[in-house]
Number of protein chains: 4
Amino acid sequence: MTDSPLPQTAWRETPFDDDKLKEECGIFGVNGVSTAANFVALGLHALQHRGQEAGGIVVHDPEHGFNSARRFGYVRDNFTSQAVMDTLPGPIAIGHVRYSTAGSKGATAIRDVQPFFGEFAMGGAAIAHNGNITNAEELRRELIERGSIFQSSSDSECIIHLMARSLQKNIPERMKDALRRVEGAFSVVAMTRTKLIGVRDALGVRPLVLGRIGDGYALASETCALDIIGAEFVREIEPGEMVVISSTGEVTSHRPFEQKPSRFCIFEHVYFSRPDSILGGRSVYETRENIGRELAKEAPVEADLVCPVPDSGTPAAIGFSLQSGIPYAMGIIRNQYMGRTFIEPSEQVRNLGVRLKLNVNRALIRGKRVILVDDSVVRGTTSRKIKEMILDAGAAEVHFRIASPPTAWPCFYGVDTPQREKLLAATMSEEEMRTHLGVDSLKFISLDGLYRAVGEANGRDAKAPQYCDACFSGEYPVAPRDKLAQGFQLKTAAE
Amino acid sequence: MTDSPLPQTAWRETPFDDDKLKEECGIFGVNGVSTAANFVALGLHALQHRGQEAGGIVVHDPEHGFNSARRFGYVRDNFTSQAVMDTLPGPIAIGHVRYSTAGSKGATAIRDVQPFFGEFAMGGAAIAHNGNITNAEELRRELIERGSIFQSSSDSECIIHLMARSLQKNIPERMKDALRRVEGAFSVVAMTRTKLIGVRDALGVRPLVLGRIGDGYALASETCALDIIGAEFVREIEPGEMVVISSTGEVTSHRPFEQKPSRFCIFEHVYFSRPDSILGGRSVYETRENIGRELAKEAPVEADLVCPVPDSGTPAAIGFSLQSGIPYAMGIIRNQYMGRTFIEPSEQVRNLGVRLKLNVNRALIRGKRVILVDDSVVRGTTSRKIKEMILDAGAAEVHFRIASPPTAWPCFYGVDTPQREKLLAATMSEEEMRTHLGVDSLKFISLDGLYRAVGEANGRDAKAPQYCDACFSGEYPVAPRDKLAQGFQLKTAAE
Amino acid sequence: MTDSPLPQTAWRETPFDDDKLKEECGIFGVNGVSTAANFVALGLHALQHRGQEAGGIVVHDPEHGFNSARRFGYVRDNFTSQAVMDTLPGPIAIGHVRYSTAGSKGATAIRDVQPFFGEFAMGGAAIAHNGNITNAEELRRELIERGSIFQSSSDSECIIHLMARSLQKNIPERMKDALRRVEGAFSVVAMTRTKLIGVRDALGVRPLVLGRIGDGYALASETCALDIIGAEFVREIEPGEMVVISSTGEVTSHRPFEQKPSRFCIFEHVYFSRPDSILGGRSVYETRENIGRELAKEAPVEADLVCPVPDSGTPAAIGFSLQSGIPYAMGIIRNQYMGRTFIEPSEQVRNLGVRLKLNVNRALIRGKRVILVDDSVVRGTTSRKIKEMILDAGAAEVHFRIASPPTAWPCFYGVDTPQREKLLAATMSEEEMRTHLGVDSLKFISLDGLYRAVGEANGRDAKAPQYCDACFSGEYPVAPRDKLAQGFQLKTAAE
Amino acid sequence: MTDSPLPQTAWRETPFDDDKLKEECGIFGVNGVSTAANFVALGLHALQHRGQEAGGIVVHDPEHGFNSARRFGYVRDNFTSQAVMDTLPGPIAIGHVRYSTAGSKGATAIRDVQPFFGEFAMGGAAIAHNGNITNAEELRRELIERGSIFQSSSDSECIIHLMARSLQKNIPERMKDALRRVEGAFSVVAMTRTKLIGVRDALGVRPLVLGRIGDGYALASETCALDIIGAEFVREIEPGEMVVISSTGEVTSHRPFEQKPSRFCIFEHVYFSRPDSILGGRSVYETRENIGRELAKEAPVEADLVCPVPDSGTPAAIGFSLQSGIPYAMGIIRNQYMGRTFIEPSEQVRNLGVRLKLNVNRALIRGKRVILVDDSVVRGTTSRKIKEMILDAGAAEVHFRIASPPTAWPCFYGVDTPQREKLLAATMSEEEMRTHLGVDSLKFISLDGLYRAVGEANGRDAKAPQYCDACFSGEYPVAPRDKLAQGFQLKTAAE
């Protein structure tokens with residue numbers, strides 16, 4: 001495989017808001033089109049919200065073989081020049097955007113940027129992974145002892161080494177071998193010289209959808225990435241399913257894993273997925289509007305305005321307004337040129353960090369009782385600053401309404417969460433949080449309310465929860481084996 | 001003066017949406033603070049919507065004299081590194097962001113990036129200009145004949161040469177001399193070694209506000225730039241006023257020009273200014289919500305959803321929804337990572353350009369009658385594509401409602417408009433436009449309705465219009481002398 | 001291991017003169033000093049003539065573990081910034097400069113830039129290799145079949161995979177295991193967390209020397225790299241020897257291979273090594289002066305001036321002048337700013353390529369009989385152009401004297417040579433070459449004369465040649481196994 | 001005029017050897033060819049030794065008007081890409097390379113990079129200047145008072161402002177007007193839309209030559225720049241002459257200044273000019289060889305080897321060897337990859353700075369009596385380090401022979417010299433310098449010897465010196481007016 005030798009045009013950016021949970025990856029693949037890499041670039045651009053640190057594309061072409069380009073920074077900055085895209089010819093391609101990997105502390109090396117590639121006796125294969133392998137440390141130790149050389153600090157590299165050592169004669173079978181050894185949450189797109197492969201783990205924690213584009217097929221983390229290329233949404237890949245898509249458009253479905261009830265990540269509905277994507281047959285936007293309506297029912301309050309914390313609180317705020325009849329207004333305006341690293345003037349500017357991206361609509365807010373709707377509270381740092389700005393602008397009252405339950409547990413399935421002790425809800429009650437944030441009222445939607453909003457009319461089935469909600473409930477559907485080995489404490493009966 | 005020798009970190013970007021009128025400049029200045037350039041960088045970041053092509057900062061410090069840095073690209077990419085900001089010491093600074101200048105065809109040179117600087121016998125001065133000088137060609141010819149050497153193609157450079165040739169003994173007086181020779185629209189911030197100066201032309205076409213920060217003062221195009229640095233809004237600079245602000249905080253007011261009735265640009269209310277800025281004592285956001293309400297009264301229609309064309313149509317759409325009772329919804333989602341230059345895949349993607357930044361919320365829109373609210377229609381190119389995307393998604397009906405009257409005339413006062421024949425409304429009636437766009441209905445707010453929404457209860461005074469509305473009415477408050485010389489035809493009695 | 005995340009500051013350059021044989025690598029290592037990477041950067045700078053395409057450094061430090069930086073371009077452009085060198089802490093380091101690798105066609109990927117690193121069960125190791133593995137293809141196939149994943153197209157990567165699969169318990173023993181499987185020519189420096197290792201193949205084809213610096217030791221391809229850091233030259237590593245140098249300065253010597261008579265590359269004396277390096281106890285400069293003297297004896301000619309083809313012909317030209325008594329003069333001047341890629345003006349400039357780096361001293365040359373001394377003739381392309389320039393300048397006669405025998409065979413031991421049919425001497429007799437170049441006379445030193453000049457008083461021992469001279473003689477001391485498999489024809493009895 | 005908007009590809013470099021006098025500029029112009037800028041790029045590359053900090057090119061084309069590109073760094077790094085050169089169309093062009101300007105302290109701004117351009121009533125003109133205007137401060141003050149705005153800190157900008165204010169009706173006449181006001185040393189190339197102009201000051205201090213290329217003409221600082229483009233050397237422009245070259249190849253000669261005896265800079269023969277250039281009908285190389293012969297006659301010494309200090313001492317060393325019969329040898333080898341900014345390892349490397357570019361040929365030097373020939377001694381800092389390296393290598397004796405008289409006075413005519421007190425010869429006798437440098441002997445050529453070597457058989461005419469030799473003699477042919485105003489002391493009768 002040949003890496004694009006052209007230099008990258010933009011450098012990595014720090015995350016936009018460091019007080020959010022971060023989805024760690026978006027994946028995309030396409031087979032059976034003329035310039036597959038151009039489609040992948042577009043698909044990854046549409047999935048950029050799932051990972052902003054780096055991106056990579058691998059292609060194959062009978063004449064030029066496998067080629068790849070992996071860069072730090074945004075897709076729009078790296079995969080838009082003719083010079084780069086000309087190094088990526090062929091009708092089949094996969095790509096990946098990432099936020100950061102388990103394992104790498106501090107700066108990521110370009111070696112950690114997916115897709116990963118391996119040359120096997122029967123030809124090469126590349127894979128891109130969204131999720132997290134919870135027994136990666138154990139696998140890595142074993143593989144090194146047997147003579148594998150790891151090139152990255154990524155947990156995902158285990159998969160390619162397991163495939164290299166499989167005795168199966170073709171790549172899809174080697175992939176099954178490898179993924180059966182792997183624990184945790186994963187959606188994977190992979191490619192051989194002619195085949196595009198998509199897999200979801202048995203619980204289906206992370207999303208993966210199938211689309212049709214002309215005579216070819218695409219796989220994507222979300223439907224919004226099908227929309228951008230004009231592909232038709234066919235269906236979701238099912239939990240525990242592997243699909244193999246040939247260059248002539250045959251799609252075969254396999255079931256390599258033991259069958260289990262699905263446990264899709266409920267936070268995809270709350271925050272990770274884009275509002276214009278479709279999950280479970282419904283617009284994510286509508287689900288979030290529903291969450292706002294549910295929240296208005298559960299936690300009503302008298303006020304003059306309902307304002308979203310932009311942009312993620314917007315659909316829930318609209319729902320809250322529609323349910324409550326309190327007018328919706330943009331009380332906080334977001335600077336669309338997003339700056340994060342300005343040098344603080346020597347006369348210190350209060351809340352400079354938050355001012356760089358948000359400004360209160362002072363003339364609108366003055367003297368008003370304001371309901372602020374946000375999607376979640378993680379450490380509470382941004383929430384406090386927003387409250388201060390709102391009060392500085394002369395609001396009469398500030399009421400926070402949160403479109404998810406308290407986030408009290410870290411995610412080990414492909415989401416970047418702070419350590420448990422940094423989560424506000426891990427150490428404080430709702431009332432303590434209210435006092436800490438200094439607002440007139442603070443209410444989170446209940447877990448049952450959230451389940452109702454996503455379409456479970458009877459709420460959560462406590463015996464067999466329909467979703468993975470470990471970040472709220474502390475109930476982990478897959479034991480986080482590496483983390484337990486490092487001393488992580490599961491929820492006790494008392495909690 | 002010494003230019004920062006450090007290389008720029010980002011290159012110019014093409015405009016985000018080429019079917020909008022573009023404000024050409026934002027200006028900012030501060031005096032009497034410790035690290036003035038850091039404040040200016042923040043102020044310019046808040047004004048980035050007024051000009052994305054390039055930015056510049058000039059500072060003065062008794063020890064290091066005048067220093068400057070001028071760069072293509074966003075403020076956040078150029079004026080955030082310690083290395084650059086360290087080259088800009090001192091308690092007084094002015095800055096400028098620009099979209100493009102009258103006179104430059106094609107790519108702008110860095111020489112055209114303001115502020116401009118001149119060394120006079122009594123010391124140096126720098127100026128930054130928002131607006132357009134309508135007799136610049138004439139002045140330029142005269143100055144060259146007298147031996148001045150122009151370094152840029154900018155109309156604004158005339159001001160500094162006129163100042164250099166003034167016989168006045170101090171810089172504020174030289175500036176008055178110069179500006180009395182200049183015709184057109186201008187708001188100017190300027191600086192000497194110790195004084196910050198702000199001026200608006202006699203009609204006050206472009207905005208300029210005064211703020212207080214600690215013991216110092218700031219001048220800015222809009223109040224949102226005061227907010228970001230935590231400055232208190234004092235007042236607007238009045239039409240025809242010059243203020244001179246000393247390093248010790250004395251503010252003196254001068255009236256260098258003949259008194260005239262004010263003619264502020266009404267399009268600042270419609271689109272140019274940020275919604276969180278205050279104009280005429282009221283939030284721009286509220287004015288736009290008012291425009292939406294007014295539009296709902298003037299042009300009601302039965303429908304299921306009111307959706308904004310993001311982001312500029314949002315406040316008017318909210319107003320339309322509040323007035324009409326039709327639910328507000330985000331039917332079109334904007335990609336916040338804004339890509340514009342992806343390479344089109346060889347299987348052509350319909351409306352690729354617009355898909356890079358906008359996506360229809362398909363599951364929400366399907367089968368619905370949708371009212372789309374946009375701020376303006378210029379060439380109509382984007383409007384057509386949005387309509388197609390909405391219909392592709394299965395909308396039952398599409399109704400366009402436009403928060404400004406038809407834009408039928410170019411602006412010569414500091415706004416980038418296409419040539420008259422490119423403006424849709426210059427050659428088509430409302431019904432012709434409706435057919436051209438292919439929508440079920442299309443309605444623009446009336447000029448009187450717009451005046452009412454901005455607070456003129458009796459609408460427009462046809463004898464003495466309270467605003468500059470030349471882009472709608474063709475009535476130019478200052479004769480565009482250079483353009484007339486080039487053959488531009490004013491509105492005839494018949495039109 | 002963590003790669004330096006900082007972007008590289010310069011891009012790869014094309015080779016300075018494409019009509020020379022190119023040494024493919026320079027290697028350097030140091031142990032037991034405070035900032036080992038800074039020493040390695042200096043050492044690699046001194047070895048830059050051995051490889052200009054890319055360079056890499058690996059370090060280890062108990063606190064930060066292994067770190068590396070690998071970049072295209074010159075050492076001076078990549079390893080001189082504090083920002084980069086700060087990412088390379090520790091008392092032990094190795095480095096590599098390269099021209100290009102066997103196996104990579106076209107542009108090299110950064111993955112092909114050495115040193116290579118592997119994490120083994122007992123800890124990590126890095127290696128840097130000068131030479132060429134003649135059975136690399138065979139080894140690679142075998143390793144892939146057993147589940148190794150190759151990350152580069154470099155032959156040298158085999159070594160690290162062979163080490164990973166060795167069952168030995170420590171790294172030096174694993175290295176012996178690995179190198180016993182490898183055929184061809186190699187000098188290797190390697191490092192573990194605490195040990196610096198140097199090895200030469202059994203024939204000692206490529207150079208490697210040991211130096212002492214304070215309480216530490218350095219290994220380098222040539223002594224000039226010891227000089228730059230002020231290290232004392234201790235001795236050459238012997239053919240077939242492995243030295244292991246601990247952090248406390250113990251040096252142990254091992255003999256992992258079967259003992260054989262040495263076959264050092266004679267072309268190192270002719271061209272590859274720097275004139276200020278010491279080989280076999282004598283200055284390379286003096287050896288080359290000797291070659292010039294020998295050439296003057298073998299091939300005298302009447303003339304007015306002896307001129308070198310700069311810079312590699314200089315010492316032999318001085319020797320020729322001293323022996324012949326004909327005055328030495330700089331008839332050709334080299335532009336020290338070396339440009340290679342200027343755009344040809346539309347009026348074509350004759351011999352533009354060579355004019356960019358060389359100019360004839362016209363006023364000196366006019367009317368003179370000139371002897372031009374060059375180190376070698378490969379394809380003859382540059383020689384022809386130089387001859388034309390000399391004649392254009394009005395020289396009366398041009399006599400070429402070449403300080404090496406005709407280069408008629410490719411090198412397979414770590415030198416970049418054209419395919420055999422591109423070598424002028426592979427297809428032409430001396431007289432045919434003279435006619436082809438269009439000069440008054442052309443003489444190469446004899447193979448025996450060259451052996452005498454390097455110190456073999458009796459010339460070449462045809463039964464057991466004291467050096468590897470395959471490029472002249474076609475007698476390959478190690479069978480080029482991969483090349484033979486690809487169809488390369490060895491010299492026949494008839495040739 | 002439009003500046004090239006493309007970013008520059010390399011950043012400024014620090015000077016190669018900071019212990020040399022630096023020529024400040026090289027100039028080049030061409031008219032009547034198809035792609036003039038490509039010729040200028042080549043010409044400037046050949047003149048790079050006259051200025052390495054920055055370069056610029058201005059072109060004109062009837063279709064595109066005036067265009068320019070000005071960049072920091074080498075010509076080969078900035079003016080070789082198709083993208084940049086495509087912005088520079090047209091049949092007429094001038095260019096400039098510079099080291100640094102009088103007036104700029106510290107970093108140069110891109111505004112200070114020539115050519116300078118002015119738009120006059122009768123059209124634009126650009127000029128490039130080699131030399132120094134000794135009354136620039138006075139002129140600048142006067143021009144500012146009259147309303148001119150300076151854009152740079154360069155003395156050369158005065159010329160363009162004086163031209164702008166001239167009442168003459170065409171540009172060549174305006175240029176005469178302007179240059180008659182200017183004092184000091186100057187060679188200038190200038191261009192209008194169709195005419196190429198070359199001028200030398202009345203004394204002809206700086207060089208300028210005329211060449212013929214096809215039907216067009218070129219002007220260059222040195223003949224080596226004619227050679228690179230294949231132009232035929234026609235003649236030197238005479239002191240006090242202005243030539244005007246039309247687009248159709250007419251050359252007219254003017255004499256705008258009062259006639260005076262010529263005073264060409266003698267240091268051009270010693271060091272500034274390239275050895276392959278022709279000055280006064282003779283190769284500079286031969287003149288330098290002559291200087292070496294003269295030095296061998298004036299200051300003979302018994303020794304084993306004559307070694308040049310590379311590269312500038314080489315021709316004189318060859319001459320010294322030929323005259324003395326002592327063998328010439330390369331005792332010091334220069335690293336052709338020139339590094340200057342490596343980070344010093346924590347174990348300090350003695351003389352690291354000089355080691356980065358020079359290394360002693362240890363095996364050759366050991367035990368020998370060595371004559372080192374250098375072109376000049378300025379501060380003596382490099383000479384001391386070289387001596388130390390030679391002694392470290394075991395030389396038995398070190399004798400310095402300098403190919404110019406002691407440099408005791410600064411140059412004010414376009415050469416960068418340290419302040420007088422930093423010049424070793426300004427404060428020490430020859431014997432004191434010998435002791436300071438710590439060598440066995442030190443001899444400079446006499447001023448008369450130097451005159452003989454450059455062709456004045458009777459040596460220097462003390463009453464009417466044939467050259468400008470102010471740096472040796474302190475006799476300034478033009479009073480340095482600005483410097484005198486700043487307190488510079490001319491040589492007193494006593495000195």
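Residues numbered from 1 in each chain as written. Chains lettered and ligands numbered in written order. Predicted model: local features only at pLDDT ≥ 70, side-chain atom pairs only at ≥ 80, totals over all residues. Heavy atoms only, no water.

**Considerations on the domain arrangement of chain A**
Residue and element names in this part refer to chain A. Each assigned domain of chain A is listed with its residue range as follows: domain 1 (2-262) and domain 2 (283-464). Between domain 1 and domain 2, the C-alpha centre-to-centre distance is 33 Å. If you look at the interface, domain 1 gives 20 residues, while domain 2 gives 22 residues. Together, the buried faces of domain 1 and domain 2 total about 1700 Å²; carbon and sulfur atoms form 48% of this surface. Our count for the domain 1 to domain 2 interface comes out at 2 salt bridges. Taking the shortest distance from any N to any O, the salt bridge between Asp375 and Lys20 comes out at 2.6 Å. (Domains from an automatic or database assignment. Contact = heavy atoms within 4.5 Å. Buried area = accessible area lost by both parts, 1.4 Å probe. Salt bridge = Lys/Arg side-chain N within 4 Å of Asp/Glu carboxyl O.)

**Considering the sheet that holds strand β15 (residues 251-254) of chain B**
All names here are of chain B. Spatially, β7-β8-β9-β10-β14-β15 is the arrangement adopted by the 6 strands of the open sheet, whose pairing is antiparallel. Two strands close off the open sheet at either side, each with one partner strand: β7 (116-120) and β15. Strand after strand, the sheet turns through a mean of 20° between neighbouring axes, direction not considered. (Pairing = 2+ DSSP bridges. Helix = DSSP H or I, 4+ residues; strand = E, 2+ residues; numbered from the N terminus. Axes fitted to C-alpha atoms, helices over the stretch in contact; angles between N-to-C directions.)

**Here's the deal with the sheet that holds strand β7 (residues 116-120) of chain A**
Residue and element names in this part refer to chain A. Spatial ordering of the open sheet is given by β7-β8-β9-β10-β14-β15, a layout of 6 strands whose pairing is antiparallel. Each of the sheet's edge strands pairs with one partner strand only, and the pair in question is β7 and β15 (251-254). Direction aside, neighbouring strands of the sheet carry axes that sit 20° apart on average. Here strand β10 (residues 196-200) pairs with strand β14 (residues 242-245) via 4 bridges, running antiparallel.

**Points about the pairing of strand β12 (residues 216-220) of chain C**
All names here are of chain C. Within β12, 5 of the 5 residues are buried, which leaves the element mostly enclosed by the surrounding structure. Residue alternation in β12 divides its side chains into two sets, Gly216, Ala218 and Ala220 and Tyr217 and Leu219, and both sets are buried. Two strands pair when backbone bridges link them, and strand β3 (residues 25-31) and β12 are joined in this way by 4 bridges, in the antiparallel orientation. Among the inter-strand pairings, Gly29 is bridged to a residue of β12, identified as Leu219. Between the antiparallel neighbours strand β11 (residues 209-213) and β12 lie 2 residues, among them Gly214 with a positive phi of about 60°. (Buried < 20%, exposed > 50% of the residue type's maximum accessible area, 1.4 Å probe, protein only.)

**Some thoughts on the arrangement of the chains**
Here chain B and chain C are not in contact; the least distance found between their C-alpha atoms is 13 Å. Separated throughout, chain A and chain D approach each other most closely at a C-alpha pair spaced 13 Å apart.

**Concerning the UniProt feature "active site" (unreviewed entry) in chain A**
Residues and elements named next belong to chain A. UniProt's entry tags Cys25 with the feature "active site" (unreviewed entry), counted in the numbering of this structure. Mapped onto the fold, Cys25 is located in strand β3 (residues 25-31). When neighbours within four sequence positions are excluded, Cys25 is seen to be in contact with Arg50, His96, Val97, Arg98, His129, Asn130 and Ser221. (UniProt positions renumbered as here; feature names shortened; annotations may be inferred.)

**Here we look at the packing of helix α4 (residues 136-145) of chain D against helix α5 (residues 157-165) of chain D**
Residue and element names in this part refer to chain D. Where α4 contacts α5, the two axes come as close as 10 Å, and the packing angle between them is 40°. What the angle tells us is that α4 and α5 run oblique. Note on packing geometry: the crossing formed by α4 with α5 is left-handed. Facing α4, whose interface residues are Ala136, Leu139, Arg140 and Leu143, α5 presents Cys158, His161, Leu162 and Arg165. Here the contact of α4 with α5 is composed, by residue class, of 5 nonpolar, 1 polar and 2 charged. (Parallel < 35°, antiparallel > 145°, perpendicular 65-115°, else oblique. Left-handed = near helix turned anticlockwise from the far one by under 90°. Nonpolar A, V, L, I, M, F, W, Y, C, P; charged D, E, K, R; others polar.)

**What to know about the nonpolar core**
Membership of the largest hydrophobic core comes to 156 residues, with the highest contact counts inside it found for Leu372(C) and Leu372(D). In this view, Leu372(D) contacts Cys307(D), Val309(D), Ile332(D), Ile386(D), Ile390(D), Val398(D), His399(D), Phe400(D) and Arg401(D); residues no more than four positions away in its chain are not counted. Among the nonpolar cores identified, the runner-up in size contains 155 residues, and Cys307(A), Ile371(A), Tyr451(A) and Ala408(B) belong to it. (Core = buried A, V, L, I, M, F, W, Y, C linked by side-chain atoms within 4.5 Å.)

**What about the interface of chain B and chain A?**
Listed as interface residues are 64 residues of chain B and, on the opposing side, 64 residues of chain A. Summed over both partners, the interface of chain B with chain A comes to about 5600 Å²; 61% of that surface belongs to carbon and sulfur atoms. Scanning the region where chain B abuts chain A turns up 0 salt bridges.

**Quick look at helix α4 (residues 136-145) of chain A**
Within α4(A), the full set of buried residues consists of Ala136(A), Leu139(A), Leu143(A) and Ile144(A). Viewed end-on, α4(A) has its buried residues packed into an arc of 130°, placing them on one side of the element. With respect to the buried face of α4(A), the exposed residues turned more than 90 degrees away are Arg141(A) and Glu145(A). Here the buried face of α4(A) lies against β8 (123-133), α5 (157-165), α6 (171-181) and α18 (481-485) of chain A together with β7 (116-120) of chain C. The positive-phi residue at the C-terminal boundary of α4(A) is Gly147(A), with phi of around 105°. (Arc of directions from axis to C-beta.)

**A look at the UniProt feature "binding site: [4Fe-4S] cluster" (unreviewed entry) in chain A**
All names here are of chain A. Under the UniProt annotation, "binding site: [4Fe-4S] cluster" (unreviewed entry) lies at Cys265, Cys411, Cys468 and Cys471. Judged by maximum C-alpha separation, these annotated positions cover 207 residues in sequence but sit close together in space, the widest gap being only 10.1 Å. Along the chain, the position of Cys411 falls in the loop between β23 (397-402) and β24 (415-416). As for its placement among the helices and strands, Cys468 is situated in strand β26 (residues 467-468).

**Thoughts on the packing of aromatic side chains**
All chains considered together, the criterion is met by 62 aromatic pairs over all chains. Relative to Phe488(C), the ring of Phe412(C) lies with its centre 4.8 Å away and its plane at 85°, an arrangement referred to as edge-to-face. Taken together, the positions of Phe412(C) in the loop between β23 (397-402) and β24 (415-416) and Phe488(C) in the segment after α18 (481-485) put the pair 76 residues apart, joining distant regions of the chain. Judged on exposure class, the residue Phe412(C) and its partner Phe488(C) are both buried. Clustering of aromatic rings is evident, with ring pairs tying together Trp409(A), Phe412(A), Tyr413(A), Tyr476(A) and Phe488(A). Here the guanidinium or amino end of Arg420(D) rests over the ring plane of Trp409(D), the centre of that ring lying 3.5 Å away. (Phe/Tyr/Trp six-rings, centres within 6.5 Å; stacked < 30°, edge-to-face > 60°. Lys NZ or Arg CZ within 6 Å of the ring centre and 35° of its normal.)

**Topic: the pattern of salt bridges**
All names here are of chain D. Enumeration according to the criterion identifies 112 salt bridges over all chains in this entry. In this structure, Arg334 engages Asp311 in a salt bridge whose closest nitrogen and oxygen atoms are separated by 3.0 Å. Linking Arg334 in strand β20 (residues 332-334) with Asp311 in the loop between β19 (305-308) and α10 (314-324), this pair joins segments that are 23 residues apart in sequence. One salt bridge in this structure joins Asp392 and Arg350, with 3.3 Å as the shortest N-O distance.

**Some remarks on the pairing of strand β12 (residues 216-220) of chain B**
For a regular strand, side-chain orientation follows a simple rule: the groups alternate between the two sheet faces. As defined by bridge partners, strand β11 (residues 209-213) of chain B adjoins β12(B) across 5 bridges and the pair is classed as antiparallel. Bridge pairing in β12(B) links Ile213(B) to Gly216(B).

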